[in-house]
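Listed here are the chains, written in short residue letters.
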Amino acid sequence: MPDTWVVVGLDNGGTSNNATVLDASGNFLVDRLVETPSRVLEGPEVAVEALAASLAGVLEVTGTDPARVRAVGLDTPGPASATGVISSKGATNFPQPEWWGFDIRAALEERLGLPVVYNNDGNAAALYAHHAHFGADASRHSSVSAIVGTGLGGGVVESGKVVKGAAGMAGELGHVHIPMHGLLEDGQPVPACNCGFSADAESVASLTGIANNLLPYWLTRFEGHPLADEPPGKAAKLVRGYAEQDDPLALKIFEQQAIALGRLFTIAANFTDPGAYFVGGGVVETGPRFREWFLGKVREHTVLREEQARAARFSLVPDLDMAGARGAAIAARDALPR
Ligand SMILES: [Zn+2]
């Protein structure tokens, strides 16, 4: 009975795991978050057990017999290898030494006794955006997704599959250098990124970029702005709310972010010439008026040839909170032997 199988997607985050179930006919059996604690700060052993509990939980919620599960898709924040080995230098969500170089995919596979397919969270969300947009035609199209969060994540999808690269580091869009001429004001310092680069996309288009680079500069241009009285990390998170109220300083910051994304997409246009450009993250989890303004600015600064402009679409990463788990599930399904 080939139609009875399912795959499960597990999205591992700093505080929660979110789980979903995808059936053989391509339907997700839940249309909301099904969250359980991720316990990543308690180390790998506890966290792998928490992932197993997350899987059991979503099967229970959906009334799915565990025997129907053919494979599991897992995504976590990076940096990690293409096959789910956490960076040997650790990672924001995986700070303890036990995590360094830990193969979370293999550990979960062993714990569950099921095939586990790994993606980083940006790639998983990009894969979901692609499939949600192109549907049954997904394998005949390409796309690029930029997701603005603490950093700048996302991914490149070609013929319906995530481009991973030799070391699993393809689609690291945040660390692509972009031209700063005309983006920065005269006298504005060149923005620096946590990765060690200056003037890459994440140095501008991320919450970290706001906190470290954009806000400190723009506060010198708008003396007496109320955000100057807030601690820098908190102030950076408040900028979006100000932008929705048309605050001039906040709009300057988001205009620079939109220009950065447009320039990143211009590079993508000349590199893989994708059929769709997706934007996701906090910056578009806003009221429709601000969101449309922001997307419009991104589009305005993406330089496409006439033929490309006719062929390409600009859109949002849909259901962003569920996109990781759903993309992870799609990757697991697509890896099944035919
Ligand atoms: Zn960088």
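Cut-off values and rules
Residues numbered from 1 in each chain as written. Predicted model: local features only at pLDDT ≥ 70, side-chain atom pairs only at ≥ 80, totals over all residues. Heavy atoms only, no water. Pairing = 2+ DSSP bridges. Helix = DSSP H or I, 4+ residues; strand = E, 2+ residues; numbered from the N terminus. Contact = heavy atoms within 4.5 Å. Axes fitted to C-alpha atoms, helices over the stretch in contact; angles between N-to-C directions. Donors = N, O, S within 2.8 Å, 3.2 Å for Na, K, Ca; no water. Tetrahedral: all angles 85-135°; square planar, octahedral: opposite > 155°, others 65-115°. Buried < 20%, exposed > 50% of the residue type's maximum accessible area, 1.4 Å probe, protein only.

Participant: Help me understand the sheet that holds strand E7 (residues 152-158) in this model?
Facilitator: To summarise the sheet geometry, strands pair through backbone hydrogen bonds and adopt either a parallel or an antiparallel arrangement. Taken in spatial order, the five strands of this open sheet run E8-E7-E6-E9-E10, and their pairing is mixed. Both outer strands of the open sheet, strand E8 (161-162) and strand E10 (313-316), are each paired with one neighbouring strand and no more. Alignment of strand E9 (residues 276-281) against E10, held across four bridges, turns out to be parallel. Bridge pairing in E10 links Val-279 to Leu-316. Helix H3 (residues 121-134) rests against strand E6 (143-148), E7, E8, E9 and E10 of the sheet, and its axis sits at about 50 degrees to E7. Running at roughly 155 degrees to E6, helix H7 (residues 248-271) makes contact with E6, E7, E9 and E10 of the sheet.

Participant: What is the right way to look at the coordination of the zinc ion in this model?
Facilitator: The textbook angles at a metal center are 109.5 degrees for a tetrahedron of four donors and 90 or 180 degrees for an octahedron of six. The coordination sphere of the zinc ion, as far as protein atoms go, consists of His-175 (ND1), Cys-193 (SG), Cys-195 (SG) and Asp-200 (OD), spread over 1.9 to 2.3 Å. Taken together, the four donor atoms coordinating the zinc ion span angles of 104 to 115 degrees at the metal, a pattern that classifies the geometry as tetrahedral. With a relative accessible area of 38%, Cys-195 lands in the partly exposed category.

Participant: How do you make sense of unusual backbone geometry when you look at a structure like this?
Facilitator: Keep in mind that most residues, glycine aside, have a negative phi and that most peptide bonds are trans. Along the chain, Gly-78 connects to Pro-79 via a cis peptide bond; the corresponding omega equals -5 degrees. Of note, Pro-79 is situated in the loop between strand E4 (69-76) and helix H2 (104-112). In the Ramachandran plot, Asp-246 falls in the positive-phi region, its phi being about 65 degrees despite a non-glycine side chain. Checked against the element boundaries, Asp-246 lands in the loop between helix H6 (232-244) and H7. Unlike most non-glycine residues, Asp-319 shows phi in positive territory, near 45 degrees.

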